[in-house]
Amino acid sequence: MVFLQRNKKPSGAMKTRSLVSITDYTKEKILHILDLASQFEKNPNQDLLKGKIIATLFFEPSTRTRLSFETAVNRLGGRIIGFSDASTTSSSKGETLKDTITMVSNYADLIIMRHPLDGAARYASEVSAVPVINAGDGSNQHPTQTMLDLYSIKKTQGTLENLHITMVGDLKYGRTVHSLLMAMSHFNPSFTFIAPDELRLPDEYKQFCFENGIKYRELSELTDFADADILYMTRVQRERFLDLMEYEKVKNVYTLKNKMLDGTKPNLRVLHPLPRVNEIDTDVDDNEKAYYFQQARNGVYARQAVICDALNVQDKIN
Ligand code: CP
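These figures come from a predicted structure and were not determined experimentally. (Residues numbered from 1 in each chain as written. Predicted model: local features only at pLDDT ≥ 70, side-chain atom pairs only at ≥ 80, totals over all residues. Heavy atoms only, no water.)

Peer 1: Lay out the overall build of the protein with the relevant residues and their values.
Peer 2: When helices and strands are counted, the protein shows 9 helices and 9 strands. Seen along its three principal axes, the alpha-carbon backbone of the protein occupies a region of about 55 × 45 × 40 Å. Per-residue burial over the protein gives 55% buried out of 318 residues. Sequence separation of 24 or more characterises 75% of the internal contacts of the protein that already satisfy a separation of 6 or more. (Helix = DSSP H or I, 4+ residues; strand = E, 2+ residues; numbered from the N terminus. Buried < 20%, exposed > 50% of the residue type's maximum accessible area, 1.4 Å probe, protein only. Contact = heavy atoms within 4.5 Å.)

Structural data, given as structure tokens:
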């Protein structure tokens, strides 16, 4: 089952408080959310969600996204209901996503959902009476990851403008890649896309680059990133392969090693949405250019900002 119109924006004022695709945010909104995130980094414990119930519905596994969302809610004084294993819910008895979302929107003020199907979050936002935040839908979008990626890029580079970003790995199924590419279109980026033939960036995103005047080149070897400001490594998404033999062929295609960072720009930072498997050797972890663990930490602040915007309580931030 595939949900159609996965990035089409809904109509109606209530629905617009949902965050389903990063294209739901204008450039101004992105910058506003980043500003809120920076306020939360300075002062993370604020009672802004007192009396609010937030539902986290994870139909797919997660460590960072779910726990950072739940940390964000707890630091803001809200309460959490939800599940991290859909096999314990009535969806395992055949309940439809529509019925599940309708039920949960009876109980909660906000729904945060991860789902394996592209477009599921948009569909949920259309049937929900409360805002929906997409915590990742299939290989389509992961907009809150993008907000923490942008926060991390701005924090390490001092700007989002005119940067060269080298994206490496699974550019076909990597939803974080797709969202980040679209968000960066506001900031005059250029890209190098490094992927094996099987995992190249889908044509729709190359068309997006073309339509937005974004320069890019495609490579298949992890050798040339001397001009990069950001090296965005990604995991090969095993769970998206229909044929695991195909996964076996590409699973270890690239491994970044510490020595390979010699001669790169002083401002270069290595990002990765995580989890990593073999694509970044642990010998990179102590390099000052490795930023992926701080990047994950920034997820709490970015998600605090996104939640407050969705619930329209940002005016109360200290
Ligand atoms: N980056 C990310 O989405 O990580 P999790 O799958 O652990 O949530």
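Following the structure, the description resumes.
Peer 1: Please provide a residue-by-residue account of the packing of helix 5 (residues 143–157) against helix 9 (residues 292–310), values included.
Peer 2: In a pair of packed helices, the angle between the axes and the distance between the axes together describe the arrangement. The geometry of helix 5 relative to helix 9 is characterised by a closest axis approach of 8 Å and an angle of 115° between their N-to-C directions. Once helix 5 is placed against helix 9, the crossing between them reads as right-handed. Contact residues: helix 5 offers Thr-144, Gln-145, Met-147, Leu-148, Asp-149, Tyr-151, Ser-152 and Lys-155, while helix 9 offers Gln-295, Asn-298, Gly-299, Tyr-301, Ala-302, Arg-303 and Val-306. Across the contact of helix 5 with helix 9, the residue classes break down as 6 nonpolar, 6 polar and 3 charged. (Axes fitted to C-alpha atoms, helices over the stretch in contact; angles between N-to-C directions. Left-handed = near helix turned anticlockwise from the far one by under 90°. Nonpolar A, V, L, I, M, F, W, Y, C, P; charged D, E, K, R; others polar.)

Peer 1: Run through the confidence of the model for the protein, naming residues and quoting values.
Peer 2: Chain-level statistics for the protein give a pLDDT mean of 94 and a share of 95% at 70 or above. With pLDDT under 50 throughout, residues 10–14 is counted as low confidence; its partners more than four residues away or in other chains account for 6 contacts. (pLDDT = per-residue confidence, 0-100.)

Peer 1: How would you sum up the domain arrangement of the protein? Please name residues and give values.
Peer 2: Along its sequence, the protein is organised into domain 1 (13–141 + 299–316) and domain 2 (143–297). Its C-alpha centre places domain 1 at a distance of 25 Å from the equivalent point of domain 2. If you look at the interface, domain 1 gives 35 residues, while domain 2 gives 29 residues. Summing the contributions of domain 1 and of domain 2, the shared interface buries around 2,500 Å²; its carbon and sulfur component is 61%. Considering only the side of domain 1, the residues that lose the most area to domain 2 are Ile-22, Leu-34 and Arg-64, jointly responsible for 23% of the buried surface there. In this structure, the connection of domain 1 to domain 2 is made through 4 salt bridges. With a shortest N-O distance of 3.2 Å, Arg-175 and Glu-60 are connected by a salt bridge. Viewed at the interface, domain 2 and domain 1 are joined by 16 residue pairs in polar contact (both at pLDDT 80 or more). Breaking the side of domain 1 that touches domain 2 down by element, the ones donating at least two residues are helix 1 (27–42), helix 2 (64–75), strand 3 (110–115), strand 4 (132–137) and helix 9. Broken down by element, the side of domain 1 that touches domain 2 gets its largest block of residues, 8 residues, from helix 1. (Domains from an automatic or database assignment. Buried area = accessible area lost by both parts, 1.4 Å probe. Salt bridge = Lys/Arg side-chain N within 4 Å of Asp/Glu carboxyl O. Polar contact = N/O pair within 3.5 Å; in protein donor to acceptor, adjacent residues only side chain to side chain.)

Peer 1: Can you explain a nonpolar patch on the surface? Please cite residues and give values.
Peer 2: On the surface, Ile-81, Met-103 and Tyr-107 cluster together to form a nonpolar patch covering roughly 290 Å² of accessible area. Here Met-103 is to be found in helix 3 (residues 97–107). (Patch = residues over 30% accessible without salt bridge, like charges linked within 9 Å, V, L, I, M, F, W, Y side chains within 5 Å. Areas by Shrake-Rupley, 256 points an atom, 1.4 Å probe, with all protein chains shown as cover.)

Peer 1: Account for the pattern of salt bridges, naming residues and giving values.
Peer 2: Considering all chains together, one arrives at 21 salt bridges under this definition. For the salt bridge of Arg-17 with Asp-309, the shortest nitrogen-to-oxygen distance reads 3.5 Å. Of this pair, Arg-17 sits in the segment before helix 1 while Asp-309 sits in helix 9; the two residues are 292 residues apart in sequence, bridging distant segments of the chain. Under the relative-accessibility criterion, Asp-309 is labelled buried at 3%. A salt bridge links Glu-161 to Lys-27; its shortest N-O distance comes to 3.4 Å. Within this pair, whereas Glu-161 is found in the loop between helix 5 and strand 5 (164–168), its partner Lys-27 is found in helix 1, the two being separated by 134 residues in sequence. Ionic contacts of the salt-bridge type, sharing partners, join the residues Asp-197, Arg-200, Asp-203, Lys-206 and Glu-218 into one network.

Peer 1: Describe unusual backbone geometry, and please don't skip the residues or the numbers.
Peer 2: Put simply, Leu-274 and Pro-275 share a cis peptide bond, and its omega is 5°. Looking at where Pro-275 falls in the secondary structure, it is placed in the loop between strand 9 (269–271) and helix 9. Positive phi, close to 65°, is recorded for Leu-274, a residue that is not glycine. Along the chain, the position of Leu-274 falls in the loop between strand 9 and helix 9. With a relative accessible area of 13%, Leu-274 lands in the buried category.

Peer 1: Can you lay out the site of the ligand for me, pointing to particular residues and giving the numbers?
Peer 2: In the neighbourhood of the ligand, the contacting residues comprise Ser-62, Thr-63, Arg-64, Thr-65, Arg-114, His-142, Gln-145, Pro-273 and Leu-274. Taking Thr-65, its side chain carries an N or O atom lying 2.7 Å from an oxygen atom of the ligand. Arg-114 has a polar side-chain atom sitting 2.9 Å from an oxygen atom of the ligand. In terms of residue class, the shell around the ligand is built from 2 nonpolar, 5 polar and 2 charged. (Near = heavy atom within 4 Å.)

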